Amino acid sequence: MTAVEAVALRRTYDLGRGRGGGQREVVALHALDFRVDEGTVHGLLGPNGAGKTTLCKILATVLLPTSGGVRVFGNDVVSRTRQVRQSVGVVFGGERGLYSRLTARQNLHYWCALYGLPRRALLARTEMLLARVGLSERSDEKVDGFSRGMKQRLHLARGLVGDPRLLLLDEPTTGMDPVAARDFRLLVAELRAEGRTILLTTHDMAEAEAVCDRVTLIDGGRALATEHPRALGALVSRNERIEFDSPTADALPGLPALPGVVAVTTLSPGRYRVETTATEATKAVIGLLLDRGATSLTTTRPGLEEVYLKLIGNRGMEVGR
Amino acid sequence: MTTVRTMHMAELVRAVRTFAASFRLQCLMMRRSPGDLAVLVTAPFFSLMFLSMTEQADRSALAPYAVAAPVLIAVWSMSLFVAGDLISKERGNGTLEGLVATPASLSVMVLGRICAAVTLSVFAFVETWLVAWLCFGVVVRLPHPLALLATLATTLLAMAGTATMMAAVFVLARSARIFQNTLSYPVYLLAGVLVPVSFLPGWLRPFTRVVFLSWCAGLLRDSLARPDIPDLPGRLTAVLVLGAAGFGAGRLLMRRVLWRVRVLGTLGQA
Ligand SMILES: Nc1ncnc2c1ncn2[C@@H]1O[C@H](COP(=O)(O)OP(=O)(O)O)[C@@H](O)[C@H]1O
Ligand SMILES: [Mg+2]
C-alpha cells in the first residue's frame, strides 16, 4: 500500500505586501510529486529551505496545501484530517515542543491522553515508551533540566504516543552525539520491523545511507530524484571505480590505455582512482594493479554525498534552520 | 443508526479524556508556577475593603455580598488571565503544532485548562469567608450548601465555556491586550458582582441578562443571604445555557484560529 502520495503539491507562504504594494510570496513546494511505500524508511534529503519541513507539516495536517492533492494511507489530508491525525505521529526538529515545567512522564501522559487512550493503556504506553527511548531512569525529572539529546529522545517518544502507522521525523538527529545517533538508528530499524512507515528528513547523508530504504533528493520545493541510496549513485555516474594506493606511482603506467578505462585521477598524493565502464574491464584493472603491488584496493560507487553535491551543489550543508 | 450512536459515544469519551487530561495539565503547570495564582492573593484584600465598608455602615446583613464579590472577581480575572495568552503561549513554546497534529479538539483542551484555573480560583471563597470571620468576627452562614455547590459548579463551567471563546478572540482580535485590560470593570458592573443589578439604571438591565455572571452573582448572594432561593433550577439553567453558548461560539472561533494556523503557517494577523 502507499503510505504517502502527493500529486502536484504546491505550498506558498504569504509575506504580506512588498514595498511596491504587490503581494509577495515564497514558494516552498513547487508541484511536488512524491510517494512513500508502506513499511519503508524513506529519507528526504535536501539543503535548508528545500521545503522538507513544509512537507512534513502538511502530512501532519498542521499546514494546508495551497493546491494539489496529498493522501496518507488513502486519506486526503484536507477532507479526512481526523483519520490522518489518527495514523500519523510527528517529531518536529529542535528542542521546543515539550512542557518544560513538567516531568518526562507527565509530558507523555498528556500527549497519550490526546490520542484518546484510556487510563490504564495510557500508563502502560508511557512506561513502554520511556523504556524504549532510554529515559525510564530520568522520567520524574523536569524536562527543563534535560540535555538536548534527552529532549530529542523524549520528542521521539512523544511522536510514538499515538502508535502511528506513519512516523514523520524532521531532522531528528541534528546535534545528537554519535552514541545517541547510533541508538537512534537502532530504534528506526526496530520501528520499521514493526511495520511502521518512516519519513525522515535530514542533512546527514551518512544517516540517510545507513537507515533509508529510499531517498528523495529535494531542492527548491521540487523532488529531483527518488532512489535506493546506493542506486542514486547511478545518477551521477554509471562507471565502476577502483581506488588504490601506490606511493611510488609504479602501478600507473599504461592504465589509461586499457580497454574500458575512462579515467584515472589522483585523489591525494599516492592514492588514485580508475573509472571503468564495465565489470570485465574492472577485473582486468584489478588484476594488473595487484601484479604491480598496489595496496588498499577498493571498488566504490558514487556515494550519496557526491550525488548530492552534483545535483544540488555545494550549499546549504550547514546544520541550522 | 447504532453505529452512528456508538460513534458519537466514542467522540464523547474522547472529549472527556481530553478535558480531564488538560485539566490535570493546567493544575500541574500552576503548581510549578505559583505566580499564576495571583488572584488568590488579591481576593482577601478585596474582601477586607468591602467588609470594612459594610461593617463601618453597620450593615452586617450585607456581609455575604462582600464575601461573594471577591470570589466572582477572582473567577473572572483568573479566566481572563489564563485565556488571554493560552494559545499564543503554546505557540511560543512550540507545542501548538504538536497539539494541532493530535486527533483531540483544541477547544476541549482550552476548556479543560481554563476550567482547572477557574476551579483553583474558587478557593478565594474560603479566603474571603475566613477574612470575614477572623478580621471582622462575622460568620457568614451557609444556609443552602447544596445550592451553593451547584451555583459554584455551574459558574465554573459557564466561566470556562465563555473563556474558551475569549481565548480565541484574543488570538483573532488585533488589540487583544487592550481588550483584556478593559474587560474587567464593565463586566463586574454588568454582572452585579458587588452592586446588585437591580440598583443599576433601568436601561442597563437588559444587558445584564445576557451576562452569565450576573445570574451567578444573584444565585451566589441568594444562597448565602436568603432564607429561600427563588427559581433555583431555572436560574442554574440560564447560567449553563449562556455558558454553553459561549463555548459554542468559542468552538467556531477556534476553528477560525486553526484555519489561520494551517493556512498562514503562523498565528499572526491576516
Ligand atoms: N512560516 C513561514 N513563512 C514564510 N516563509 C516560510 C515559512 N516557513 C517556511 N518558509 C519558507 O519556505 C521555504 C521552505 O522552508 P522549509 O520547509 O522550512 O525548508 P527546510 O525544512 O527544507 O529547510 C523556505 O524558503 C522558507 O524560508
Ligand atoms: Mg526544516
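Everything below is about the structure shown above.
Residues numbered from 1 in each chain as written. Chains lettered and ligands numbered in written order. Predicted model: local features only at pLDDT ≥ 70, side-chain atom pairs only at ≥ 80, totals over all residues. Heavy atoms only, no water.

Caption draft 1: Region of the structure containing helix α11 (residues 212-225) of chain B. Between its terminal C-alpha atoms α11 of chain B stretches 20 Å, which fits the 20 Å expected from 14 residues at 1.5 Å a residue. The buried count for α11 of chain B comes to 13 of 14 residues, which makes it a mostly enclosed element. (Helix = DSSP H or I, 4+ residues; strand = E, 2+ residues; numbered from the N terminus. Expected span 1.5 Å × (residues − 1). Buried < 20%, exposed > 50% of the residue type's maximum accessible area, 1.4 Å probe, protein only.)

Caption draft 2: Region of interest: the pairing of strand β10 (residues 222-227) of chain A. Residues and elements named next belong to chain A. Pairing of strand β9 (residues 214-219) with β10, which is carried by five bridges, proceeds in the antiparallel orientation. For Asp 219, the partnering residue across the bridge sits in β10 and is Arg 222. Here β9 folds back onto β10 in antiparallel fashion, the turn holding two residues, of which Gly 220 has a positive phi close to 55 degrees. (Pairing = 2+ DSSP bridges.)

Caption draft 3: Highlighting unusual backbone geometry. All names here are of chain A. With phi around 45 degrees, Glu 171 is a residue other than glycine that occupies positive phi space. Inspection of the secondary structure assignment puts Glu 171 in the loop between β7 (166-170) and α6 (178-193). On the accessibility criterion, Glu 171 (8% relative accessible area) is buried. Not every positive phi belongs to a glycine, and Ser 296 is a case in point at roughly 50 degrees. Tracing the backbone through its elements, the reader meets Ser 296 in strand β14 (residues 295-300). A relative accessible area of 45% means that Ser 296 is categorised as partly exposed.

Caption draft 4: Seen up close, the site of ligand 1. Residue and element names in this part refer to chain A. The immediate surroundings of ligand 1 are formed by 13 residues, with Gly 49, Gly 51, Lys 52, Thr 53 and Thr 54 found nearest. Take Gly 49: an N or O atom from its main chain is 2.7 Å from an oxygen atom of ligand 1. Contact between ligand 1 and Thr 54: an oxygen atom at 2.5 Å from a side-chain N or O atom of the residue. Contact with the protein chains removes 66% of the 560 Å² of surface that ligand 1 exposes when unbound. At the level of secondary structure, the elements contributing two or more residues to the shell around ligand 1 comprise β1 (2-17), β2 (23-37) and α1 (52-59). A total of three residues in the shell around ligand 1 trace back to one element, the largest contributor, which is α1. In terms of residue class, the shell around ligand 1 is built from six nonpolar, six polar and one charged. (Near = heavy atom within 4 Å. Polar contact = N/O pair within 3.5 Å; in protein donor to acceptor, adjacent residues only side chain to side chain. Areas by Shrake-Rupley, 256 points an atom, 1.4 Å probe, with all protein chains shown as cover. Nonpolar A, V, L, I, M, F, W, Y, C, P; charged D, E, K, R; others polar.)

Caption draft 5: View of the environment of Tyr 185 of chain B. All names here are of chain B. Within the secondary structure, Tyr 185 is located in helix α9 (residues 185-190). A relative accessible area of 58% places Tyr 185 in the exposed class. Distance from Tyr 185 to Ile 73, taken between C-alpha atoms, is 9.4 Å for residues 112 residues apart in sequence.

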